[in-house]
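# Overview (structure and organization)
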Amino acid sequence: MSSKTVVFDLDDTLALELDYLKSAFQEIAQKVDSHNPKLFSILLEAYKRKDNPFECICELYPHYSIEALVQLYRNHYPIYPENLCKSLLTNLKVAGCILGLVTDGYSVTQRNKLKALEIEELFDLVVISEEFGSAKPTMANFDVFHQFNTAVYYYIADNPAKDFVTPNALGWQTICLIDAGNNIHPQDFSKESLYLPQKKIKQLNELVDLLAV
C-alpha cells in the first residue's frame, strides 16, 4: 500500500494557463481568417489590455458571435510548447505514490489539457469541477481522496485564494508553486494563515526532495 497521496492542481501548476490561451488564440485565428497573419496578435494584445479578445474579433468579422468563439476556445485541443510535468508524475507513480488531480473548469477543456500533456492515465483519481458538481474550495472535492487511506496527503497548487484552505483544514501538506511571472491569477500571500501554503517551491522538480521519493 502506498504511504503517500499526491494531489495536484492543473492550471498554472502542471501547465501554464497562458500557454493554453495562446494555443487557443492560434487556432481561433486560423479558423476565423487564415489569411490574416495579425489576427493572433490582435487577440493576444486585447487580452493583455484586459479587453475582451472575442469582441475585437466580432468587430472585424461580424458573422462570428462571441458565443461561437468561446466554444472554439473551450473545445480546442491545446498544443503546449513544453511538457515539464510528465516526467515528474511518472517518477512519482513509479515510486508508489497515489496521484490525484483537483481542478476547476469545463470537462472537455480540462480533459483535452490532460490528453495533450499525455498525463491523464497517470492519475488514480481526477476531480474536475464540472464533472464532480462542485468547485474548490468545497470539502468534498478533496475529501474524496481519503478513500486511498494513505498515511500522508499533499496538495500542490498555485492560488492562495482557493487552493490551500481546504487541504489545510484536512491536515494535508500544502505546497505552492511560485509564479514566475506568467500566471493568470495573481498570488496573494497576505491572506489569513489558513489560506496559505505550508511550503513554497520555485520549480516542480523540487518536489522530489520534499516528498522524499
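A brief structural summary. (Residues numbered from 1 in each chain as written. Predicted model: local features only at pLDDT ≥ 70, side-chain atom pairs only at ≥ 80, totals over all residues. Heavy atoms only, no water.)

### Focus: the sheet that holds strand E1 (residues 4-8)
Spatially, E3-E2-E1-E4-E5-E6 is the arrangement adopted by the six strands of the open sheet, whose pairing is parallel. Two strands bound the open sheet, and with one partner strand each, they are strand E3 (125-128) and strand E6 (199-201). Across the sheet, the mean angle separating the axes of adjacent strands is 20 degrees when strand polarity is ignored. Bridge count between E1 and strand E4 (residues 152-157): five bridges; the pairing is parallel. Across the sheet, valine 6 pairs through a bridge with tyrosine 154, a residue of E4. (Pairing = 2+ DSSP bridges. Helix = DSSP H or I, 4+ residues; strand = E, 2+ residues; numbered from the N terminus. Axes fitted to C-alpha atoms, helices over the stretch in contact; angles between N-to-C directions.)

### Details of unusual backbone geometry
Look at the link from lysine 136 to proline 137: it is a cis peptide, with omega at 10 degrees. Counting through the fold element by element, proline 137 comes out in the loop between helix H7 (129-132) and helix H8 (140-143). For aspartate 12, which is not glycine, the phi torsion reads 65 degrees and is therefore positive. With respect to the element layout, aspartate 12 can be found in the loop between E1 and helix H1 (17-33). Its identity as a non-glycine residue notwithstanding, lysine 50 has a phi of 70 degrees, on the positive side. The exposure class of lysine 50 is exposed, given its relative accessible area of 79%. (Buried < 20%, exposed > 50% of the residue type's maximum accessible area, 1.4 Å probe, protein only.)

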